[in-house]
Amino acid sequence: MSGTVRLTAAQAMVRWLSVQMTEEGERFIEGVWAIFGHGNVAGLGEALHGIGAALPTWRGQNEQTMAHAAIAYAKGKARRRAQAVTSSIGPGATNMVTAAALAHVNRLPVLLIPGDVFANRRPDPVLQQVEDFDDGTVSANDCFRSVSRYFDRIQRPEQLLTALPRALRVMTDPANCGPVTLAFCQDVQAEAWDWPEAFFAPKAWRIRRPEPDAADLAHVAGMIRAARAPVIVCGGGVVYSGAESALGDFAARHGIPVIETQAGKSALAQAHVMNFGAAGVDGSAAANALARQADLVIGIGTRFQDFTTGSWALFANPARKLVSINVQPYDADKHGAMGLVADARVALERLGALLEGYRAAHADAQARAGWLAAVDAHCAAPADTNALPTDAQVIGAVQRAAPEAIAMCAAGTMPGALKLLWQPAQGGYHMEYGYSCMGYEIAGAMGLKLARPDREVICFVGDGSYMMANSELATAVMRRVPFTVVLTDNRGYGCINRLQQGCGGEQFNNLYAHCNVEAQPEIDFVAHAAAMGAHAVKAQGIADLEARIAEARSRDIPTVIVIDTSAEPGPGDGLEGAGHWWDVAVPESGESGKLKRAYARYLEAAAKQNLVN
């Protein structure tokens, strides 16, 4: 019979985490981001110090952005490894709620360990304790319940015997993957218990590959065989399954064109002959033409988010049918789809065996070539070097200077422009667009570079998003994590300003010029970034931007390149006619003619929605 070892609950937690392994023999939880306070310093803080390099600890500047870095790391590792984040109780904990929601929406694993109030309740109310007048069991950490895949409150040491395995089960489950919150009462962290030594035996966690149901598989194969104009919508599940090569082979063999979501972009390199580019609101002309004509839409690992579907006005063919291949039944059965619940790679292999001899013949290579030529022209260096460049021209400069880089972003105009215009090598794209969280970019770039040290990482961020959260730039300098930030300054929230006008509104409270301020800001982004230790420069136009990107590769710290860009609406960020409708509610009543015209356009577009399969 195995013996026992006496450890505090915090010591037991970190010891257990340190021996949870991937199939490849690496720690699944690579390490822990931590900001200590009274809710975790004496318990988890002491335990993390004691375990040292067996489970390393890193300090960040803000709990939310530490968690963003951890989430980007998990995404960069295609969910095969993760990181943990710990905070004190109160504001330190609730700072992480936004990040938990981001991970939840994007189905990404992160372990959040906020400190919690005293389980024994002796010092009630402890500093930062939220007191519910009607429920003595509530703490601020209950905010995490709706944005965690698994939530537990550790009120006794021995509860870790079941809570920790449950946490790792969720984080390694392809269908249920997402954030886990273990709210850890601060007195319990320090409480000792006699732990079975067997609890700390190393364990390898295997990520399962569910096989499809045979009847469903045969049905889907029959639907594909009957289709004359099928199209594949490639989602993030292709990447998480490691199904990139399987998808490329399947699409080429059967002549089925592939269009991309934000999460699925770069599963196929842009050079792949069956890759017709981005779908939906921010989609290519070639992809959206295929989508409108499709009689069968085959989603693989996608949530069918509104941007992808043009709020369901894109797949407008009244005869179209919908197939959804997904490990999560919730996603597989959306919108009346014929669901095939399976791992993406396994499903493609099994379908391929049933589709021998089938080949669609509607992929228009000429349309694809025409679209790519239009992108090149649109992203070319401006003839007028005195005019402020568009986002498209900035993207073109980065593409020419760093064609093998991973382009990453999260919010604003750039996500749509990048989805449409960036032409990645395989794996050359990282976008947080499920939650589209402003402030993700800098921390996310650091987490991504930690996950992919072999790749050049280019972080696109607007001035508005940079102002939301930039402090992990200092952490990246301290840890010597090099990446390049292209900071486009259009003097406010340019993306929402354009949306505001597109919905019939007046320019209001987005660009600084239209805000209620006594003086226009004069923010020196170069000086700000340099003050945190980054190498920071101002690019004097597109040619200078290209040169600065090349220079950044020689550094072991982040480089921030600031460039002024146009804030004007119009075709500067996409290709004219390529986009599709997005359902953003327009006021039904209003006095301005512009608003009335916008509402009339809204009704016309809404009538084209194809909501039922």
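Before reading further, recall that the structure is shown in the block above.
What counts and how
- Residues numbered from 1 in each chain as written.
- Predicted model: local features only at pLDDT ≥ 70, side-chain atom pairs only at ≥ 80, totals over all residues.
- Heavy atoms only, no water.
- Axes fitted to C-alpha atoms, helices over the stretch in contact; angles between N-to-C directions.
- Helix = DSSP H or I, 4+ residues; strand = E, 2+ residues; numbered from the N terminus.
- Parallel < 35°, antiparallel > 145°, perpendicular 65-115°, else oblique.
- Left-handed = near helix turned anticlockwise from the far one by under 90°.
- Contact = heavy atoms within 4.5 Å.
- Salt bridge = Lys/Arg side-chain N within 4 Å of Asp/Glu carboxyl O.
- Buried < 20%, exposed > 50% of the residue type's maximum accessible area, 1.4 Å probe, protein only.
- Phe/Tyr/Trp six-rings, centres within 6.5 Å; stacked < 30°, edge-to-face > 60°.
- Lys NZ or Arg CZ within 6 Å of the ring centre and 35° of its normal.

Draft legend 1. Main features of the packing of helix α3 (residues 63-76) against helix α18 (residues 441-451). Direction vectors running N to C along α3 and α18 enclose 40°, while the axes themselves pass 7 Å from each other. By the criterion of interaxial angle, the relationship of α3 to α18 is oblique. The two elements α3 and α18 cross, and the hand of that crossing is right-handed. The residues of α18 that touch α3, namely those facing Thr65, His68, Ala69, Ala72, Tyr73 and Gly76, are Ala443, Gly444, Met446, Gly447, Leu448, Leu450 and Ala451.

Draft legend 2. Spotlight on the pattern of salt bridges. All told, the structure shown has 23 salt bridges when counted by the stated rule. Where Glu349 meets Arg345, a salt bridge forms, and the shortest distance between an N and an O atom there is 4.0 Å. Here Glu349 pairs with Arg345, and both are found in helix α14 (residues 344-354), just four residues apart, close to one helical turn. For Arg345, a relative accessible area of 30% corresponds to the partly exposed category. Between Glu456 and Arg553 there is a salt bridge, and its shortest N-O distance comes to 2.9 Å.

Draft legend 3. Representation of the packing of aromatic side chains in the model. All chains considered together, the criterion is met by 13 aromatic pairs. Plain terms: the ring middles of Trp195 and Phe199 are 6.1 Å apart, the flat faces sit at 15° to each other, and that makes the pair stacked. The same class applies to Trp195 as to Phe199, namely buried. Ring centres of Phe199 and Phe200 lie 5.2 Å apart, and the angle between their planes is 70°; on these two criteria the pair is classed as edge-to-face. On the basis of relative accessibility, which here comes to 12%, the residue Phe199 falls in the buried class. Among the aromatic residues, those joined into a cluster by ring pairs are Trp16, Trp193, Trp195, Phe199 and Phe200. When the ring centre of Trp205 is taken as reference, the NZ or CZ atom of Lys203 above it lies at 3.8 Å. Across from the ring centre of Tyr429, 5.5 Å away, lies the NZ or CZ of Lys265, which sits over that ring.

Draft legend 4. Representation of unusual backbone geometry. The amide bond that connects Asp124 to the next residue, Pro125, takes the cis arrangement and shows omega of -10°. Here the phi dihedral of Arg121 falls at roughly 65°; this positive angle occurs in a residue that is not glycine. Topologically, Arg121 is positioned in the loop between β6 (110-116) and β7 (150-154). Under the relative-accessibility criterion, Arg121 is labelled partly exposed at 43%. We note that Gln128 has phi near 75°; this positive angle belongs to a residue other than glycine. Within the element layout of this structure, Gln128 appears in the loop between β6 and β7. The class for Gln128 is partly exposed, based on a relative accessible area of 33%.

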